[in-house]
Amino acid sequence: MKITVDMEACLLHGQCVIAAPEIFSFDDDGGLVWVAAPDEGLRDDAEAAADACPEQAIVIA
Amino acid sequence: MSHTVLNAEAMPYLDVSDPAFSIRSEAVADARDASWCARTPYGLAVLRYDDVQKLLRHPKLRQGSYRWPSHNGVTGLFARWWENMLLSQEGDTHARLRRMANPAFSPKLIGALQPKFTELANMLIDRFADRGECDFIAEFTEPYATGVICDLLGLPFEKWRELADIAADMGLALGVTFKQDLTTIDAATRRIFDYAEELVALRRAEPSDDFIGMLVRANAETDQLSDQELLDMIVLAIFGGIDTTRNQLGLAMATFVEHPDQWALLGEQPELARAAVEEVMRVRPTITWVTREATETFTYNDTEIPQGTTLHLFSQSAGSDPSVFPEPGFDIAAARKPHFGFGGGAHHCLGHFIARGDMTEALKLLSQRLKNPRFNGEVKWLPDSGNTGAITLPIAFDAA
Ligand code: HEM
Ligand code: SF4
């Protein structure tokens, strides 16, 4: 599974960090970081994050 | 305010407690030109787009209205709910509750309600279209906003009046007469919880994949959403979904009446309806500010903000900030930066897929069926600050 975030659309709400903390987090400067190729076992979490993103900026492939 | 803000003397002052105060006034625009921030009787007002955006997700700020009941010396049913529901929570508890609620608010689930929105909007328009006039609030936005919540909860439309009345009584809690109205407010809270309990009992007996069904499932299949938290969430959806949508759609119509060319354009190009919702919420958000409170002392823009300071983030003045919107006029075809009408950060509106979906559908159908809408009598308004909107909005139009 591959995760990309459209950083043009992302507004750093952090809903993905709430929905899937094992994949998404904020770094010390408040920037969004994420595991680009997480384990398949995290698919449900990844999809929950993509659904929860208010800007619909997360793409899972 | 007992908290002294360093540099405060240099900041403009806005008396937001004055009933005549308007968040769209020249005074607010001048204050925004002069400073990123103004003093008010209730704390600070943040005026510019970039600062509202940053402070909405600032780690030293929490949602600021959680103490509203205790502030008013109020305890009881409403106070218990208010202090425990999602919006009043932070950190791990907020994250847990939000994770549990997310599936019930997912775009997939909400997308399935779209045909119901269409049916509801057409049914309401049918009732007054031939007359060529209506009170847009009483005859459209109120039954529509409440009817959408009925659809969400799986209740028949006929329940809308009762639900709207309960929500209105509960809404008195947000006003200045909170304490005087407490008996009415708590009675309404009791009734709304009775509703929620009934709905939960139904879904427990007959599981389903709808809104309540998803929440009941989170309660049954995890140990992360207690029975009380389940009911509190349902009550929040009812409380948070009705007045907001009613007011926002009323503001949409009032804005379009003032911009007939834009209404005509929408009528010709209904695919602009989604963008129209965003543009209305930029220039006329019903929630004109959201409230935050400093959890510890921090420095921002060279200003020391003491712990406990209340900050009002002005979505209204951010949405017309000339540094981001050099041509701020109402234009549904313009490409715009995002507005803050749904807040932002951890507390970003959970119901926004519903609200965006139902308002888009409503504007699409209304612009097809009501041509040349115009004011048709006196419009009565809520104050132009806090949560605003029209109370009555008589319009006349040419039925298409
Ligand atoms: C046009 C309609 C609506 C507007 C303008 C609106 C606006 C907002 C805003 C500004 C907030 C953030 C408040 C803050 O940060 O202090 C919010 C939060 C929330 N809204 Fe909405 N809302 C609307 C419709 C709805 C609907 C239809 C529902 C549910 C069915 C809903 C449920 C919620 C919930 C549960 C929260 C709390 C989220 C949290 O604290 O994590 N809203 N809304
Ligand atoms: S939820 Fe969406 S907008 Fe918010 S930080 Fe994550 S990707 Fe960005």
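Residues numbered from 1 in each chain as written. Chains lettered and ligands numbered in written order. Predicted model: local features only at pLDDT ≥ 70, side-chain atom pairs only at ≥ 80, totals over all residues. Heavy atoms only, no water.

Looking at an unreviewed UniProt entry, one finds chain B named Cytochrome P450 and attributed to Antarcticimicrobium luteum.

Chain A is annotated in an unreviewed UniProt entry as Ferredoxin of Antarcticimicrobium luteum. UniProt annotates chain A under Function (unreviewed entry) with the comment "Ferredoxins are iron-sulfur proteins that transfer electrons in a wide variety of metabolic reactions." (UniProt positions renumbered as here; feature names shortened; annotations may be inferred.)

Chemist: Which parts of the structure should I look at to understand the packing of aromatic side chains?
Modeler: Aromatic ring pairs are defined here through the distance separating the ring centres and the angle between the ring planes. Residue and element names in this part refer to chain B. Counted according to the given criterion, the structure contains 19 aromatic pairs over all chains. Measuring from centroid to centroid gives 5.6 Å for Y49 and F325, while their planes differ by 80°, and the two rings are edge-to-face. With Y49 in helix α2 (residues 49-56) and F325 in the loop between α15 (315-319) and α16 (352-369), this residue pair connects regions lying 276 residues apart in the sequence. No difference in accessibility class separates Y49 from F325, as the two residues are buried. The interplanar angle of 15° and the centroid separation of 5.1 Å between the aromatic rings of F140 and Y144 together place this pair among those described as stacked. Placement of the pair is F140 and Y144 together in helix α8 (residues 136-153), with a separation of 4 residues, close to one helical turn. Joined through ring pairs, the aromatic side chains of W68, F78, W81, W82, F178 and F239 make up one cluster. Cation over ring: R62 sits above Y66, and NZ or CZ is 3.4 Å from the ring centre. Directly above the aromatic system of W381 lies the positively charged group of R284, at a separation of 5.5 Å from the ring centroid. (Phe/Tyr/Trp six-rings, centres within 6.5 Å; stacked < 30°, edge-to-face > 60°. Helix = DSSP H or I, 4+ residues; strand = E, 2+ residues; numbered from the N terminus. Buried < 20%, exposed > 50% of the residue type's maximum accessible area, 1.4 Å probe, protein only. Lys NZ or Arg CZ within 6 Å of the ring centre and 35° of its normal.)

Chemist: I'm lost on the site of ligand 2 in this one. Help?
Modeler: Inspection of the region around ligand 2 gives 13 residues, with C10, H13, G14, C16 and C53 of chain A positioned closest. Of the residues assigned to the shell around ligand 2, the class counts are 9 nonpolar, 3 polar and 1 charged. (Near = heavy atom within 4 Å. Nonpolar A, V, L, I, M, F, W, Y, C, P; charged D, E, K, R; others polar.)

Chemist: Help me understand the interface of chain B and chain A, please; the structure alone is not making it clear to me.
Modeler: Accessible area lost during the coming together of the parts is what is often quoted as the interface size. Taken residue by residue, the interface counts 19 residues in chain B and 13 residues in chain A. Carbon and sulfur atoms supply 53% of the area buried between chain B and chain A, which totals about 1200 Å² over both sides. Counting across the chain B and chain A interface gives 1 salt bridge. The salt bridge involving D51 of chain A is made with K108 of chain B; its shortest N-O contact spans 3.1 Å. Seen at the junction of chain B and chain A, the total is 9 residue pairs in polar contact (both at pLDDT 80 or more). Those elements that place two or more of their residues in the side of chain B that touches chain A are α5 (91-101), α6 (107-111) and α16 of chain B. Looking at the side of chain B that touches chain A, its residues break down into 5 nonpolar, 9 polar and 5 charged. (Contact = heavy atoms within 4.5 Å. Buried area = accessible area lost by both parts, 1.4 Å probe. Salt bridge = Lys/Arg side-chain N within 4 Å of Asp/Glu carboxyl O. Polar contact = N/O pair within 3.5 Å; in protein donor to acceptor, adjacent residues only side chain to side chain.)

Chemist: What is the right way to look at the sheet that holds strand β4 (residues 133-135) of chain B in this model?
Modeler: Paired through their backbone hydrogen bonds, the strands of a sheet run either parallel or antiparallel. Residues and elements named next belong to chain B. The 3 strands lie next to each other as β4-β12-β9, forming an open sheet whose pairing is antiparallel. The open sheet has two edge strands with one neighbour each: β4 and β9 (370-375). In this sheet, adjacent strand axes meet at a mean angle of 30° when their direction is disregarded. Pairing of β4 with strand β12 (residues 394-399) involves 3 bridges; the strand directions are antiparallel. By the bridge assignment for β12, D135 is matched with P394. Strands β4 and β12 of the sheet are contacted by α8, whose axis makes an angle of about 65° with β4. With respect to the sheet, α16 is in contact with β9 and β12, its orientation differing from that of β9 by roughly 95°. (Pairing = 2+ DSSP bridges. Axes fitted to C-alpha atoms, helices over the stretch in contact; angles between N-to-C directions.)

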